[in-house]
Each structure stands twice: as structure tokens, then as C-alpha cells.
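Secondary and tertiary structure notes
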Amino acid sequence: MGKITAAITGVGQYLPEYILTNDELSRMVDTNDEWIMSHTGIKTRHILKGEGIGSSYMGARAVINLLDKTGVDPMEIDVVICATVTPDMFFPSTGNLIADQAGCKNAFAFDVSAACSGFLFALTTGAKFIEAGTSKKVIVVGADKMSSIVDYTDRSTCPLFGDAAAAVLLEANTEGFGVVDSILHSDGSGEMQLYMKAGGSRYPASVETVQNNWHTIMWDGHAVFKAAVSKMSDVSVEMMERHNLKGEDIRFLVPHQANLRIIDATARRMGLDHDKCMINIDRNGNTTAATIPLCLYEYEAALCKGDNLILASFGGGYTWGSIYVKWAYDGENC
Ligand code: UT7
């Protein structure tokens, strides 16, 4: 029997109904559609409305969609891993809540916190359970309600983010399909470039933290942009070199959707044409841990068995990485 790899055998998603347009944003802060489009490539983003619902609400719906599509019984799921920076609560974990709401009663569940690289970190972790032979069916879900931590009076951050969840199912494969390799990095010295200051143990919520607006995303957008361009390209090129892959060998780059200019720069460094880049930032914005599985969902029909994909991300922390995936099944258009 060949080596066991973790194949992605299905994808599911949930996008909230409400669509926040650039025109609506331009009535909230001093911005306009032309600036947002030319600087980010974002036209619209989805926002989760409603009292008392958080990331687990979206994550559970993405998992239910995944289970419906694949016909897998929720009771067969062994592990649920949720990547998120907007958990419903500090504890219990959002993965735990998602597993319960989606009926995965036999699974153990937990969260991974790696900001925009969360899905890659969680996918690598999930793959290990399959490779070790200890789990047969693992769900990795990225879920973020970014609107809960965005300051809608700050024009430098509020156009960028949206809410969504998307999930993949991992199962064992012995023909070499699935997660072939993964390179992950973190550098905590980037903590002050992109962070949410309060609400944790360093600055627990208080009148002062609320008055100072410390419960929303803060960043040095320019520094993050520069670091994202170099780190995301470097790690993607490193993955190509490690596996002797040329541009023509790659079917798609599946990049984290933070800014269209970062995606374009990464693709150029990899020698890929624009049409080999999965892109949905125009409609969804940056949904943090959900961007990469959302792309897989949207392009699923075009993916064929054996296609080489490079998943790549950069985000808060800093965290960054790339994963080489050999796609395991034919989409409708193959
Ligand atoms: O997912 C995690 C990773 N995230 C990222 O990698 C995102 C990283 N950062 C970025 O994508 C970009 O830095 C931004 C899109 C946030 C900003 O783009 P930029 O080209 O770096 O613009 P900037 O911050 O240098 O601002 C240029 C100008 C400034 O005006 P002045 O000082 O030149 O007069 C800003 O005040 O644009 C102004 N500006 C805006 N104008 C209209 C900033 N935000 C806006 C806005 N509308 N929304």
C-alpha cells in the first residue's frame, strides 16, 4: 500500500445574505468605489446580520453544506478543526460549537488561531491526523465574522473585510492525491503591525479599552502590504522549487484574498498568468480564514483529478505559508 496522504474530497461554504457595497461604505466613511477598487480590487463583501450569532453560525452552515454535498453522515466525522480569529467566545472553541450544530457528535473539535493563514495551518494539522492513520474523516473549516472586529469609522480598514465560512473534508488516499507538502512560518515580532489590542489577557475588556477603541483591527497597512508581497511570493516559489514545478505545471494558485495587488504580485513571481489565479476578492473581500476554502468552493467545477494547486497566504502575527495540493476528484467541467 502507498503512503497515506490527506485528500480533499469535498468543499462547502456559507456566505451571509447581506451585501455591503462600496457605495454604501462611501456613505459611512470618506471613501469611494474608485479608490477601493484601484487599491484593493474589492467591490462588495457579505456581512452577517442578526443579534447573538457569530462565526459558528456560518461555520456550521458551511459544514452542513459540505456534508449534504458529499453525502457523508455527520456521525462519521472524527475531527473538526476551525480556523478563526473571531471565535464566538474565548471558550468553548468555535470548532466545538460547529461540530455540535452540524451534528458531528462523534468528533473532537478545536480552534486554530493563525489569522489569515489560519486555514493553511488548520489544513496542515488536519492532514496529520489522516496521515497518521488515527482519523478517517476530518473537517477543516475557516470561519470569520470580521464585521465583529472592524471599525466602520476607519476608512483604512473597513473596506477590506467581509464575513464567511467554508469547509473541506479530508480523507485518506494512497495514490498520492491531497496534501503533498506544506511550508508554514510565523514571526511574532510582527505583532504590532496587524492586531486587535484588547479583549485578551493583556488588556481585558474595560471601559478604558472600549473608549480607546481597542477592540477592533489595527494595522500599519503599508508594512503589512510590503511583507505580504515578499513573504507570500517567497514561500510559493520555494514550494515550486522544492517540487520542481514550473508555471505550466500549476493549474491554479489559490491565494489568500487580502488585496488584488498582492495576489497579482505573487502570481507574477511564480510565472503564472492571471487566469491561473483563483480570485473572489471582488465579491467577498478579505474573509480571513475563509478565503482559501471559499475559492476552492467557487472553482470546484473547474478542478480536475491530478491538478496541481498551490495554496498561499500571509497574515497577522505574522503568519504565512504555502501548501501543495494534488486535487483528488473531477469537477463538473472536466
Ligand atoms: O489579510 C491580512 C493581510 N492584509 C493585507 O495584506 C492588506 C495590506 N494592506 C493593504 O492592502 C493596503 O495597504 C491598503 C489597501 C490597506 C491601503 O492601500 P495603500 O496603497 O497602502 O494606501 P495608503 O495606506 O498608503 O494610503 C494612500 C492614501 C492616503 O492618503 P494620503 O496620505 O496619501 O493623502 C490614505 O489616507 O489613501 C488614503 N486612504 C483612502 N482614501 C480613500 C486610505 N484609505 C482610504 C479609503 N478611501 N478607504
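Some points on the packing of helix 7 (residues 221-242) against helix 8 (residues 260-270)
Two elements in contact, helix 7 and helix 8, have axes separated by 9 Å at closest approach and are oriented at 30°. Here helix 7 and helix 8 pass one another in a crossing that is right-handed. Contacts between helix 7 and helix 8 pair Phe225, Ala228, Val229, Met232, Ser233, Asp234, Ser236, Val237 and Met240 from the former with Arg261, Ile262, Ala265, Thr266, Arg269 and Met270 from the latter. Its residues assigned to classes, the contact of helix 7 with helix 8 shows 9 nonpolar, 3 polar and 3 charged.

Concerning the sheet that holds strand 13 (residues 319-326)
Within the open sheet, the 4 strands sit side by side as 8-13-12-11. Their pairing is mixed. Looking along the sheet, the strands with just one partner apiece sit at the ends: strand 8 (178-186) and strand 11 (252-255). Strand after strand, the sheet turns through a mean of 15° between neighbouring axes, direction not considered. In this structure, strand 11 lies alongside strand 12 (residues 308-315), joined through 4 bridges in parallel fashion. Residue pairing for strand 12: Leu253 is matched across the bridge by Ile310. Packed on one face of the sheet, helix 10 (residues 291-299) meets strand 11 and strand 12 and runs near 140° to strand 11.

Describing the state of the cysteines
This model, assessed by the stated rule, comprises 1 disulfide. Put simply, Cys304 and Cys334 are joined by a disulfide, and their sulfur atoms are 2.0 Å apart. On the sign convention where negative is left-handed, the bridge of Cys304 and Cys334, at about -110° about the S-S bond, is left-handed. Of this pair, Cys304 sits in the loop between helix 10 and strand 12 while Cys334 sits in the segment after strand 13, and the two are 30 residues apart along the sequence. The structure places no disulfide on Cys82, whose sulfur is separated from the nearest cysteine sulfur, that of Cys104, by 12 Å. Unpaired in this structure, Cys158 has its nearest cysteine sulfur neighbour in Cys116, at a distance of 16 Å.

A word on the side chain of Thr216
Inspection of the secondary structure assignment puts Thr216 in the loop between helix 6 (207-211) and strand 10 (218-219). With a relative accessible area of 11%, Thr216 lands in the buried category. Engagement of the side chain of Thr216 in a polar contact is seen with the backbone oxygen of Asn213, the distance being 3.4 Å. Among all residues touching Thr216, those that are not within four sequence positions of it are Ile149, Val150, Asp151, Tyr195 and Met196.

Criteria and thresholds
Residues numbered from 1 in each chain as written. Predicted model: local features only at pLDDT ≥ 70, side-chain atom pairs only at ≥ 80, totals over all residues. Heavy atoms only, no water. Axes fitted to C-alpha atoms, helices over the stretch in contact; angles between N-to-C directions. Helix = DSSP H or I, 4+ residues; strand = E, 2+ residues; numbered from the N terminus. Left-handed = near helix turned anticlockwise from the far one by under 90°. Contact = heavy atoms within 4.5 Å. Nonpolar A, V, L, I, M, F, W, Y, C, P; charged D, E, K, R; others polar. Pairing = 2+ DSSP bridges. Disulfide = S-S within 2.5 Å. Buried < 20%, exposed > 50% of the residue type's maximum accessible area, 1.4 Å probe, protein only. Polar contact = N/O pair within 3.5 Å; in protein donor to acceptor, adjacent residues only side chain to side chain.

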